[in-house]
Amino acid sequence: MNKYSRDDIIEMAQEEDVEFIRLQFTDVLGKLKNVAVTYSQLEKVLDNRCVFDAASIDGLVKAKQPQMRLFPDLNTFAIFPWRPQQGKVARLFCDLHTPEGEAFEGDPRYVLKKAILESQKMGYTFEVGPECEFFLFNTDENTLPTTMTHEQAGYFDCGPMDFGENARRDIVLTLEDMGFVIESSHHEKAPAQHEIDFKYDEALTAADNIMTFKLAVKMVAKRHGLHATFMPKPKYGVDGSGMHINMSLFKEGKNIFHDPDGELGLSKEAYYFMGGIMKHIKAITAITNPLVNSYKRLVPGFCAPTSVGWSTNSENSLFRIPCEKGENARIELRSPDPSANPYLALAACLMAGIKGIQEKQEPPRSMEQLKAGRSRLLPTTLKEAITELEKDSFIQEVLGKELCKKYIELKMAEWQDYTSQVTNWEIQQYLDQY
């Protein structure tokens with residue numbers, strides 16, 4: 001993580017000819033927002049004096065509190081490589097505060113920071129490595145997105161079959177310019193589907209990186225005449241896009257998930273952490289899989305989990321145990337998709353996992369040991385997941401009562417709107433039959 005001071009930011013902005021600074025934050029639904037200021041306002045920003053009207057942003061304000069103050073995180077300063085070389089554009093991630101300067105509890109970044117602080121008091125550091133998948137589709141004559149692609153490439157295919165290879169290469173180079181350590185990139189199973197994996201980091205940085213990653217992918221794709229989408233299941237009959245989350249927990253600089261004498265090289269703490277998440281996974285699913293469309297991905301036959309279990313190789317298990325051992329020992333949560341708000345998702349997983357350690361929550365036996373049909377199933381609709389969240393007081397406490405109430409309200413409205421729609425499938429199935 002960078003360690004920048006106020007003077008460092010001013011000096012870098014001067015030396016790099018930065019003309020605009022985008023002050024970024026994330027709403028409760030996981031959408032990136034920003035306020036742009038010019039260089040002349042930078043000192044005001046760094047003094048935490050930038051106030052904006054947040055009344056129209058989902059889930060951020062209470063009825064009598066329409067204004068928010070932006071507190072920039074200086075360590076997140078970065079210059080966008082895709083903007084002009086003269087009059088460059090930089091960004092700072094910001095925390096939301098009330099006009100009086102108090103941290104706003106409805107800020108998703110605050111929710112994660114609070115969870116991290118609680119874990120740090122117990123001596124833990126939460127390390128996260130996301131695996132983000134996305135589609136690169138053609139645009140129409142008006143540059144609007146479509147779900148069309150002319151390629152038929154599959155898993156690990158390369159050019160000339162992989163039509164998105166050049167765009168993916170430029171995305172990787174752009175991310176490296178922004179300080180990312182890219183570990184690998186490849187074509188995924190579905191036509192036009194791709195994955196880029198970047199190095200693990202502490203949870204807050206990892207969440208910031210996910211938001212930066214999605215923005216960079218979309219911007220570079222647009223320069224190639226393509227539309228990048230992180231929609232979980234944009235096409236019927238092919239695999240959807242996941243955001244597998246690799247998790248490790250450190251204490252006093254040691255990975256406490258590692259035990260050379262443990263089952264599969266994992267410690268009891270690793271299994272308890274996994275058991276804690278499994279105990280609350282039905283409620284957590286409302287956060288990690290937040291769209292109506294998310295549940296079109298979580299179906300059998302498409303390399304996505306449907307069961308609350310763990311395995312070394314099963315494609316429909318919630319957790320996978322990678323083969324890496326030692327300081328690289330980790331557990332991989334496979335249900336989240338890239339539409340999730342990463343701050344809320346990581347906070348929920350961290351606190352549920354730590355609770356599992358505290359309660360010595362044993363997970364069920366592995367999928368290989370269980371008989372078919374013996375494992376619990378994940379929610380199959382957004383409504384089912386939201387109903388589970390309404391019943392789980394622990395996850396509600398992690399998210400904060402007010403934020404959780406607003407989140408449930410927004411998601412139930414989304415579900416009700418969806419169920420009232422008349423779809424093309426219904427027209428094709430019923431119009432000439434009845």
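Provided above is the structure to which this section pertains.
Residues numbered from 1 in each chain as written. Predicted model: local features only at pLDDT ≥ 70, side-chain atom pairs only at ≥ 80, totals over all residues. Heavy atoms only, no water.

Draft legend 1. Region of interest: the overall build of the protein chain. In terms of regular secondary structure, the protein chain is built from 12 helices and 17 strands. Compactness check: the protein chain gives a C-alpha radius of gyration of 22 Å against a globular reference of 22 Å for 434 residues, within 12% of the reference. For the protein chain, the spread of C-alpha atoms along the principal axes amounts to about 65 × 60 × 45 Å. In the protein chain, which comprises 434 residues, the proportion classed as buried is 53%. In the protein chain, of all internal contacts separated by at least 6 residues, the share reaching a separation of at least 24 is 70%. Total accessible area on the protein chain stands at roughly 20,100 Å², and carbon and sulfur atoms take up 49% of it. For the protein chain, the distance from the average position of its 50 positive side-chain charges to the average position of its 63 negative side-chain charges is 5 Å. (Helix = DSSP H or I, 4+ residues; strand = E, 2+ residues; numbered from the N terminus. Rg over C-alpha atoms; globule rule 2.2 N^0.38 Å. Buried < 20%, exposed > 50% of the residue type's maximum accessible area, 1.4 Å probe, protein only. Contact = heavy atoms within 4.5 Å. Areas by Shrake-Rupley, 256 points an atom, 1.4 Å probe, with all protein chains shown as cover. Lys, Arg positive; Asp, Glu negative; His and termini not counted. Charge placed at Lys NZ, Arg CZ, Asp CG, Glu CD.)

Draft legend 2. Structural detail: the environment of alanine 286. Relative to the elements of secondary structure, alanine 286 occurs in helix H6 (residues 268-288). For the pair alanine 286 and lysine 383, spaced 97 residues apart in sequence, the C-alpha to C-alpha distance is 8.6 Å.

Draft legend 3. Quick peek at the side chain of aspartate 73. Within the secondary structure, aspartate 73 sits in the loop between strand S4 (67-72) and strand S5 (78-79). The contact partners of aspartate 73, leaving out residues within four places of it in the chain, are Leu92, Phe93, Cys94, Arg109 and Leu204.

Draft legend 4. Expanded view of a nonpolar patch on the surface. Side chains of Val422, Ile427 and Leu431 sit close together on the surface and give an oily, nonpolar patch of about 310 Å² of accessible area. Topologically, valine 422 is positioned in the loop between helix H11 (401-419) and helix H12 (424-430). (Patch = residues over 30% accessible without salt bridge, like charges linked within 9 Å, V, L, I, M, F, W, Y side chains within 5 Å. Salt bridge = Lys/Arg side-chain N within 4 Å of Asp/Glu carboxyl O.)

Draft legend 5. Representation of the packing of aromatic side chains. The tally for this structure, following the rule as stated, stands at 15 aromatic pairs. Aromatic pair phenylalanine 126 and phenylalanine 273: ring centres 6.0 Å apart, planes at 40°, arrangement tilted. Here phenylalanine 126 is found in strand S7 (residues 124-138), whereas its partner phenylalanine 273 is found in helix H6, with 147 residues between them in sequence. For phenylalanine 126, a relative accessible area of 4% puts it in the buried group. A relative accessible area of 0% means that phenylalanine 273 is categorised as buried. (Phe/Tyr/Trp six-rings, centres within 6.5 Å; stacked < 30°, edge-to-face > 60°.)

Draft legend 6. How the structure looks around the pairing of strand S9 (residues 193-198). Counting buried residues along S9, 6 of its 6 residues qualify, which places the element largely inside the surrounding structure. Burial of the side chains of S9 extends over both faces: Gln193, Glu195 and Asp197 are buried on one face and His194, Ile196 and Phe198 on the other. Note that strand S8 (residues 182-187) and S9 share 5 bridges and pair antiparallel. Within the sheet, the bridge partner assigned to histidine 186 lies in S9 and is glutamate 195. Hairpin connection of S8 to S9: 5 residues between the antiparallel strands, including alanine 192 at a positive phi of 75°. (Pairing = 2+ DSSP bridges.)

Draft legend 7. A look at the nonpolar core. Of all hydrophobic cores here, the largest spans 98 residues; its most connected members are Phe213, Met247, Phe273, Phe319 and Leu389. The contact partners of methionine 247, leaving out residues within four places of it in the chain, are Phe126, Glu127, Phe257, Phe273, Ile277, Phe319, Arg330, Ile331, Leu333 and Cys349. (Core = buried A, V, L, I, M, F, W, Y, C linked by side-chain atoms within 4.5 Å.)

Draft legend 8. Seen up close, unusual backbone geometry. For the bond from glycine 159 to proline 160, the omega torsion is 5°, close enough to zero to count as cis. A positive phi is found at phenylalanine 156, a non-glycine position, where the angle reads about 65°. As for its placement among the helices and strands, phenylalanine 156 is situated in the loop between S7 and helix H4 (165-177). Overall, phenylalanine 156 belongs to the exposed group, its relative accessible area being 54%. In this structure, cysteine 303 takes a positive phi of about 55° despite not being glycine.

Draft legend 9. Here's a closer look at the state of the cysteines. As enumerated under the stated definition, the model contains 0 disulfides in all. Unpaired in this structure, cysteine 132 has its nearest cysteine sulfur neighbour in cysteine 349, at a distance of 14 Å. Classification of cysteine 132 by relative accessible area gives buried; the value is 1%. A disulfide-free cysteine, cysteine 404 has its sulfur positioned 15 Å from the sulfur of cysteine 349, the nearest such atom. (Disulfide = S-S within 2.5 Å.)

Draft legend 10. Quick peek at H6. Counted at 1.5 Å a residue, the expected span for H6 with its 21 residues is 30 Å, but the 25 Å between its end C-alpha atoms falls short. Bending of H6 peaks at approximately 75° at the position of isoleucine 281. Within H6, 17 of the 21 residues are buried, which leaves it mostly tucked inside the rest of the structure. (Expected span 1.5 Å × (residues − 1). Bend = angle between axes of the 7 residues up to and from the residue.)

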